[in-house]
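# Survey of secondary and tertiary structure
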Amino acid sequence: MGRRKKVVGETGDASKAKYNFCDTAHDGPFLECLLELTESGFITNGTCKNGVFKQIQKMMEKKVPECGLKAKRTIQNRYKKLKHWFHSTVMMRGLSGFGWDPVQECINADKAVWDIFIAVCLVIYVLILFQIECTQTP
């Protein structure tokens, strides 16, 4: 069972607190829900129709009753994070030198390729910070 974060209610009474998952332990059932909703047409090309997050909440309650997934924002954030990871993985697999290890189910590359990738990411990060810094000065 995954780690859960205790959210104390407005009254401050910890006995009436709701729990939300904040770990990857429930990603399997969560992804199953997303696949079912994609097959049924609620999610198309990464775009969700109205009410899809409420539908995910109901589906998760059936699949993992102890999950306690209640907040719409929690579901949206998890969806966004998984979508970002997916797009990052697809992008990296498309780059020269990167491959997929089917046994460990992860991206693999030689050390030289990783070093170049990290260096490029750091340069991009610095440029973004520099751009932010330049726009904030009067």
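My aim in this report is to walk through the structure given alongside it, one point at a time. (Residues numbered from 1 in each chain as written. Predicted model: local features only at pLDDT ≥ 70, side-chain atom pairs only at ≥ 80, totals over all residues. Heavy atoms only, no water.)

Attention now moves to the overall build of the chain. Tallying secondary structure elements over the chain gives 4 helices and 6 strands in all. Its helices and strands taken in sequence order, the chain reads β-β-α-β-β-α-α-β-β-α from the N to the C terminus. Contacts in the chain between residues far apart in sequence, at least 24 positions, make up 39% of those at least 6 positions apart. (Helix = DSSP H or I, 4+ residues; strand = E, 2+ residues; numbered from the N terminus. Contact = heavy atoms within 4.5 Å.)

A few words now on the side chain of D101. Locating D101 in the fold gives a position in strand β5 (residues 99-101). Side-chain polar atoms of D101 contact the backbone nitrogen of V103, separated by 3.1 Å. Not counting residues up to four positions away in its chain, the partners in contact with D101 are C106 and N108. (Polar contact = N/O pair within 3.5 Å; in protein donor to acceptor, adjacent residues only side chain to side chain.)

One non-glycine residue, E105, adopts positive backbone phi at about 55°. Structurally, E105 can be placed in the loop between β5 and β6 (106-108). Note on E105: relative accessible area 59%, which makes it exposed. (Buried < 20%, exposed > 50% of the residue type's maximum accessible area, 1.4 Å probe, protein only.)

Another point: the environment of M59. Among the structural elements, M59 can be located in helix α2 (residues 52-63). In this structure the C-alpha to C-alpha distance between M59 and L37, which are 22 residues apart in sequence, comes to 9.9 Å. When near neighbours in sequence (up to four residues on either side) are disregarded, M59 contacts C33, E36 and L37.

Where helix α1 (residues 27-39) contacts helix α3 (residues 72-94), the axes come no closer than 12 Å and their chain directions differ by 85°. Here α1 lies roughly perpendicular to α3, going by the angle between them. Across the interface between the two elements, D27, F30, L31 and L34 of α1 pack against I75, R78, Y79, L82 and W85 of α3. Taken together, the residues that form the contact of α1 with α3 break down as 7 nonpolar, no polar and 2 charged. (Axes fitted to C-alpha atoms, helices over the stretch in contact; angles between N-to-C directions. Parallel < 35°, antiparallel > 145°, perpendicular 65-115°, else oblique. Nonpolar A, V, L, I, M, F, W, Y, C, P; charged D, E, K, R; others polar.)

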